[in-house]
Amino acid sequence: SEVKAMNYEQKLAEKLSILNERGHGVLIRMNYIKKSCADVKTKPSFLTDKSHESAVKHINKKFPNIDFRGNIVSSPASSCLCTVNFDFTKNYLDLITTYTSVIILLSRIDEKKALVGMYNCAHEMTNGSSDPSYRRLGQMFLEYEHPWKKLTEEFGPHTRSVTAALLSLKIIYPRRNLPVEQWRSAQLLSLLSAPAAMLDPACSDTMSCEFLPMEVMERWIIFGFLLCHGTLNTNQASLELWKMGLQSGFFFTLTRDEVINIHKVSEDLFDSFKGYSKRVADIRECREYVLTNSGALHKERRQYLRGAMKELFAVLEDEPGLLGPKALFVFMALSFSRDEVLWLVRHSENMPKIKMPEDFIDKYMAELLFYMEKFRNLIRKYKHVIQRYHVQYLAQFDALILNDTIQNMYVCPEEESILLSSFVSTLSALPVKNDDNDEFDFTALRLDWLRLQAYTSVNKAPLPIKDYPDLSKVMSMIQFHTQMVDSIEELLQETSEVSILCFFPRVFEKMFSQSSEEVNMKRYLLSFPSVCSQFSQCGHPLCPEEVKEMEKRSLRLCVTFLEQLAKQTSSVLLELCAEQHKLCDELQPQRCAETISAARYRKQKKPLQKKGEAQKQKPGSESLRKDRAVITNMDKLHLMLTELCSSYSLCSDLVVFNHAVVPTEFLLSHLEKRLIEVIVRMARYNQTTQEIARPSDLLAGINAYTTNLHSLSSYINIDVTRLVKSVLLQQTHPQDSHGGETLTTLYTKWYLESLLRQASNSLIIHCPMMHCFVSHTTESELPFRAEEFSDVSELQSLAEVLGPYGLKFLSENLMWHITSQVSELKKMVMENMDTLVQMRNSFDKPEEMANLKKRLTGGENVLKRMTIIGVILSFRSMTQDCLKYVLRKHCPYLMGPIECLRDFVFPEADIQVTLVFELASAAGLKCDIDPALVAAINSMKTDNTSLDEEYKLFCLLLVYIGVSLPLLALNQNSSYSQVHGGHNNNIHCLATAVNQLSAAMFTVQNKNIEQELKEFLLLASSTLLQLGQNVEKIESKNRESVYLLLHMIVEDSPFLSQDMLESCFPYVLLRNAYREVHKPIIVTLG
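Just so it is clear, the model here is predicted, and its values are computed rather than measured.

Attention now moves to the nonpolar core. The biggest cluster of nonpolar side chains holds 243 residues, and the ones touching the most others in it are Tyr747, Phe773, Met866 and Ile937. If near-sequence neighbours (up to four positions away) are discounted, Tyr747 is found in contact with Ala683, Ile692, Ala693, Arg694, Pro695, Leu698, Leu798 and Leu802. Core analysis: the next-biggest nonpolar cluster, separate from the first, contains 56 residues, Tyr92, Phe225, Trp242 and Cys286 among them.

A positive phi angle, near 50°, is found at Phe657, a position not held by glycine. Residue placement: Phe657 occurs in the loop between strand E3 (654-656) and strand E4 (659-661). Judged by relative accessible area, Phe657 falls into the buried class, the value being 10%. The phi dihedral of Ser762 is positive, around 65°, even though this residue is not glycine. One can find Ser762 in the loop between helix H31 (743-760) and strand E5 (764-767). Looking at Ser762, the relative accessible area reads 16%, which means it is buried.

A word on the pattern of salt bridges. Within this structure, the stated rule accounts for 48 salt bridges. Salt-bridge contacts for Lys113 lead to Glu145; the nearest nitrogen and oxygen are separated by 3.0 Å. Of this pair, Lys113 sits in helix H6 (residues 112-127) while Glu145 is found in the loop between helix H7 (134-143) and helix H8 (147-154), placing the two residues 32 residues apart along the sequence. Classification of Lys113 by relative accessible area gives buried; the value is 19%. By sharing partners, the salt bridges in this structure join Lys34, Lys35, Arg108, Asp257 and Glu258 into a single network.

Turning to the environment of Arg865, a few remarks are in order. Looking at the element boundaries, Arg865 is found in helix H36 (residues 859-890). Residues Arg865 and Glu824 lie 41 residues apart in sequence; the distance between their C-alpha atoms is 8.4 Å. Not counting residues within four places of it along the chain, the set of residues in contact with Arg865 comprises Gln821, Glu824, Leu825 and Met828.

Right, let's talk about the environment of Phe273 for a bit. If you trace the backbone, Phe273 turns up in the loop between helix H14 (262-271) and helix H15 (277-318). Using a relative accessible area of 22% as the deciding quantity, one classes Phe273 as partly exposed. Between the alpha carbons of Phe273 and Leu802 there is a distance of 85 Å; along the sequence they are 529 residues apart. Each residue touching Phe273, except ones within four places of it in the same chain, is listed here: Thr152 and His229.

This part takes up the pairing of strand E1 (residues 251-255). In terms of burial, E1 is a largely internal element, five of the five residues being buried. Inspection of the sheet shows E1 paired to strand E2 (residues 258-261) by four bridges, in the antiparallel sense. If you follow Phe251 over to E2, its bridge partner there is Asn261. What sits between E1 and E2 in their antiparallel hairpin is a turn of two residues, with Arg256 showing a positive phi close to 50°.

Our next topic: the confidence of the model for the protein chain. As a note on interpretation, predicted positions should not be read in detail where pLDDT is low. Averaged over every residue, the pLDDT of the protein chain is 86; residues scoring 70 or more account for 91%. Taken as a whole, residues 1-6 scores under 50 in pLDDT and shows seven contacts with residues more than four places along the chain or in a different chain. Across residues 65-77, confidence stays below pLDDT 50; counting only partners more than four residues off in sequence or on other chains, it has 31 contacts.

Taken residue by residue, H8 has Pro147, Trp148, Leu151, Thr152 and Glu154 as its buried positions. One face of H8 carries all of its buried residues, which in axial projection span an arc of 160°. Buried-residue contacts for H8 involve helix H5 (86-107), helix H12 (214-227), E2 and H14.

All told, the structure shown has 35 aromatic pairs when counted by the stated rule. Ring centres of Phe273 and Tyr276 lie 5.6 Å apart, and the angle between their planes is 55°; this geometry places the pair in the tilted category. Among the aromatic side chains, those forming a connected cluster through ring pairs are Tyr747, Trp750, Tyr751, Phe773, Phe784, Phe789 and Phe875. Positioned above the aromatic ring of Tyr951 is the side chain of Lys1007, whose terminal nitrogen or guanidinium carbon lies 4.8 Å from the ring centre.

Let's shift gears to the packing of H14 against H15. Direction vectors running N to C along H14 and H15 enclose 165°, while the axes themselves pass 9 Å from each other. Taken as axis vectors, H14 and H15 run roughly antiparallel relative to one another. Read as a crossing pair, H14 and H15 show a hand that is left-handed. Two secondary-structure elements touch here, H14 through His263, Ser266, Glu267, Phe270 and Asp271 and H15 through Arg279, Val280, Ile283, Arg284, Cys286, Arg287 and Val290. The class makeup of the residues in the contact of H14 with H15 is five nonpolar, two polar and five charged.

Take the pairing of strand E6 (residues 772-775) next. Burial along E6 is two-sided: the residues Cys772 and Val774 and Phe773 and Ser775 are all buried. With four bridges joining them, E5 and E6 adopt antiparallel strand pairing. Residue pairing for E6: Ile765 is matched across the bridge by Val774. Linking E5 to E6, which pair antiparallel, is a turn of four residues; within it His771 sits at a positive phi near 55°.

We now examine the packing of helix H33 (residues 792-831) against H36. H36 packs onto H33 with a crossing angle of 155° between their chain directions and a minimal axis gap of 8 Å. Classified by the angle their axes make, H33 and H36 are roughly antiparallel. Between H33 and H36 lies a crossing whose hand is left-handed. Here the contact of H33 with H36 is composed, by residue class, of 25 nonpolar, eight polar and five charged.

This brings us to the state of the cysteines. One pass over the full model with this rule turns up zero disulfides. For Cys203, which is in no disulfide, the shortest distance to another cysteine sulfur is to Cys209 and amounts to 15 Å. Classification of Cys203 by relative accessible area gives partly exposed; the value is 42%. With a relative accessible area of 2%, Cys209 lands in the buried category.

Here is what the cut-offs are and how they apply
Residues numbered from 1 in each chain as written. Predicted model: local features only at pLDDT ≥ 70, side-chain atom pairs only at ≥ 80, totals over all residues. Heavy atoms only, no water. Core = buried A, V, L, I, M, F, W, Y, C linked by side-chain atoms within 4.5 Å. Buried < 20%, exposed > 50% of the residue type's maximum accessible area, 1.4 Å probe, protein only. Contact = heavy atoms within 4.5 Å. Helix = DSSP H or I, 4+ residues; strand = E, 2+ residues; numbered from the N terminus. Salt bridge = Lys/Arg side-chain N within 4 Å of Asp/Glu carboxyl O. Pairing = 2+ DSSP bridges. pLDDT = per-residue confidence, 0-100. Arc of directions from axis to C-beta. Phe/Tyr/Trp six-rings, centres within 6.5 Å; stacked < 30°, edge-to-face > 60°. Lys NZ or Arg CZ within 6 Å of the ring centre and 35° of its normal. Axes fitted to C-alpha atoms, helices over the stretch in contact; angles between N-to-C directions. Parallel < 35°, antiparallel > 145°, perpendicular 65-115°, else oblique. Left-handed = near helix turned anticlockwise from the far one by under 90°. Nonpolar A, V, L, I, M, F, W, Y, C, P; charged D, E, K, R; others polar. Disulfide = S-S within 2.5 Å.

This is the structure we're talking about:
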């Protein structure tokens, strides 16, 4: 009874659970300390500060050597067998390996003495005494200078119990370590191999051992036999199990990215012992075996698991009800896959020099990770199915069989009987028809089962559990079933978490890069960022500082993978768009010239091209397939796009350390950036040569791209319309979201610097007849034809691309050039102010006007600048008309009310006329008063001049223009061209300049526009009539062409009428002028 009471009071189950959890945290904390001290950036300042250097040296030199030490690992005299008391044995072996790992990791921290010594000094200075644990810890540091030697001495007394526990793996470990051929012959993880047994529940005598990690067992075996090495020379079973563990690989993990080379450590240890030469030979033999076979073995396992996982997932996804009876298969598949992932990760980072390094490179890892993620999601999705099945299983089968097993026990002490009875009552009380919202918690039951294992595993136990294997089998099955009810998430974490990848970022990124190279793996690439969402679960409360670094690293890896995936997808998609753009470009009108020419040759029976020249294929020929095996570039791109887009189906969003990450947003962002670059590149703007794409070609290209982009929504649930709108809207602004140039900037720059600048020099002529600008090729050859960039179709395309916002920006730049010309005109008016005042008052006195004209300077310059203003305003009028056409096509119901509002507002009646005109002008409607020009003139106001002075300047400017008109007759380029409908030096644009500029100037001054223009008309007609009285031939050469200018001013003005013109200028002169300039001409068509 005393022994029994002592067993109960030892609380072995509780101690093992707490120590293992605590040891895991200590390992993580020590690893963090080691990494922090090794990194210059994170190393504690007191270790690097030169003022503390002498103190650190003194502490290391005088570190205490006190002979006081207690046993950290003590083991009860017990029977630990994985097949009988699995949980107890697992906790016991875990404690041994955790303790060993702590000691090994401690020996790798170089600054441990300095850290502990300085801490104790600080503690003594603060509290007046040393830390109570300091002497014991200091002594431990000294004793474990050579950790393996000390550990083997310490574990000598425990050889019997440790060996017994390890030998219980001789059935489990070899069964889990089978070659792939046996997996394949047994059709491991296949539900289709036995269709008749598909609904039978998957059971095993050792349920928990079926998904026990291989690395855990290997760590038990290697560490256990190193610590208790005596049994290797006396027990053949121990030797075989140990050699099998050595043949598993080169490394296993201590914690995080800290690994241990098992062959090197074992050989170094046994070299120090006498009589272990055979064991050293065994180690070398095992190492050679690993070098030769392990890489290929694990490669074949991964290959088999990919196929098995794919098949198993297809069956369970189609019939999720099978998740109930076949849940064990899922967790076995996850555990086996996790084992292979971890093995490859730790060996890839520390790969030895071997002849076959490709065995340690897996280009298909993405598929394995993908199906692991799919299984995790499937389990979470149908969690209620698994839970409902196992609750009924526990209540209607497990409770009954457990009760029968207890009844057949011939000895059952009171304490054990109470526990067993509580198991039966707990299971029997479960509701058979449970609701999905019911909550279950079997933690107490599983802890009681662990306690019972502890009570019945010690020597001389009243109820030795090894005598009742049936009880162990039933309870092992019950424990798994309870986990299926309340601990599915924990079991998923145990069997499928691969958070070790967070600590091997280089290997992780390399795996992604290798998988990206395979076309068949592209559909699985999202599994890599999805794995990053697991990293938040591997932190520990004993080391909260590590979590922040893990968060940064996880987010960096996740974002890197998603950006790479988005980059690949956008590249393929835009390459497809480019191919489609080429096909669309072949259908452009200008591409049919060769076809028309060939047809013309055939009609005229002229010889066609030589036989040696390749005949150009017609558009559409690429769609004719003669052999379905022939794959075109478009086929490859479509296949690759399908594969990449399939990857996004894994999940719609990810949660990485409380950060919500949406993969498709990365794709949209990357597509937006690339599409902006592509569209700007399509403009083909070259500032040096002043080349740019025609707006119609650009619009056709944009339409081809956007049409093909919309096909993306057939692959992914993504808002392509929002993407296209965002990109095209940015092109209507001066800068895009990244601060780069847009189409608006490029075309504004080109039209101002190339087309309009050449038009101001009369190298390009404004042609009212064709509503465009045409190149004046008689003067000089231009690098472009103006009519190809300024006709109605091109400007409509420009309005379609730039939109109202872009044309507003273009208009603002045009206005800036106009104001600069107006500023120069005002300066010239001020220079000739006295003369202009006299001319204004004497315009009806020919003799006096003749004398004043001689004193007036700069008349040609005034007309030149006004012509430039007229050219700019004519171009703006053309763009406004095209904008009106485009907006009427896109939003006719919006344009109607704007036109109505404009037509019913008059300057005399409504003070809000400027606002209405701004609205109308923004919609492309023509207004009597140009609001943009009014704003530009208004911005020229200065504090130095009063309103009256400004008004006087504007009046005198009109006088200046009017009295300078006769000078145009002296210019030989002032002739009127009936083909163009205007003058050859663009002076017909003076009509637009005079009307719009005067309307804007006098609106700013709040004066009567009509009255001022009447005065200008009187003055201009008087000076032109005086031109007719001059008989010098040189002056009268283009007189008729200049007369027409007066009629154009009146015809273009909303404030002047023909009656006003006839009152001051004889109509017969205008009629004769029109007859003169419209004399018949011979037009030749090339």
